[in-house]
Amino acid sequence: LVMDGDQDTPAFESSLFIHKHAPYSGLVVFPFTGHTLPVEEPALFNILADQFLAAVDCGRWGLWTEAA
């Protein structure tokens, strides 16, 4: 799961690159947030990380196929 803040312009292109090239990756962009996601938005970060890890643990992540 690639997470980035919409105000983190230096890292945004790198995040998009990782998302585009990592099979089955997800991308989350936090609004009005910079580089320190867990510090700026700890509750949202924890919810999304927990949901992602639970989906992976239960085998529900990465079951889709890419559109042609």
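Residues numbered from 1 in each chain as written. Predicted model: local features only at pLDDT ≥ 70, side-chain atom pairs only at ≥ 80, totals over all residues. Heavy atoms only, no water.

**Quick look at the nonpolar core**
Here comes step 1: The biggest cluster of nonpolar side chains holds six residues, and these are Met3, Val28, Phe30, Leu37, Leu48 and Ala49.
Here comes step 2: Mapped by element, the contributors of at least two residues to this core are β2 (27-30) and α3 (42-57).
Here comes step 3: In this structure Leu48 touches Leu1, Met3, Val28 and Phe30, once residues within four positions along its chain are discounted. (Core = buried A, V, L, I, M, F, W, Y, C linked by side-chain atoms within 4.5 Å. Buried < 20%, exposed > 50% of the residue type's maximum accessible area, 1.4 Å probe, protein only. Helix = DSSP H or I, 4+ residues; strand = E, 2+ residues; numbered from the N terminus. Contact = heavy atoms within 4.5 Å.)

**Describing the packing of aromatic side chains**
For any pair of aromatic rings, geometry is given as the distance between the ring centres together with the angle between the planes.
Here comes step 1: This structure, assessed with the given rule, holds one aromatic pair.
Here comes step 2: Seen from their ring centres, Phe52 and Trp61 are 4.9 Å apart, and the 85° between their planes marks the pair as edge-to-face. (Phe/Tyr/Trp six-rings, centres within 6.5 Å; stacked < 30°, edge-to-face > 60°.)

**What about the pairing of strand β1 (residues 2-5)?**
Here comes step 1: Alternating positions in β1 separate into two faces, Val2 and Asp4 on one and Met3 and Gly5 on the other, with burial throughout.
Here comes step 2: Pairing analysis gives four bridges linking β1 to β2, with the strands arranged parallel. By the bridge assignment, Met3 is partnered in β2 with Val28.
Here comes step 3: Assessed by its sense of winding, the connection that carries the chain from β1 through helix α1 (residues 9-21) to β2 is right-handed. (Pairing = 2+ DSSP bridges. Right-handed = clockwise from strand over helix to strand, strands pointing away.)

**Here we look at a nonpolar patch on the surface**
Here comes step 1: A cluster of nonpolar side chains, namely Leu16, Leu27 and Val29, defines an oily patch on the protein surface of about 190 Å² accessible area.
Here comes step 2: Assignment of secondary structure puts Leu16 in helix α1. (Patch = residues over 30% accessible without salt bridge, like charges linked within 9 Å, V, L, I, M, F, W, Y side chains within 5 Å. Areas by Shrake-Rupley, 256 points an atom, 1.4 Å probe, with all protein chains shown as cover. Salt bridge = Lys/Arg side-chain N within 4 Å of Asp/Glu carboxyl O.)

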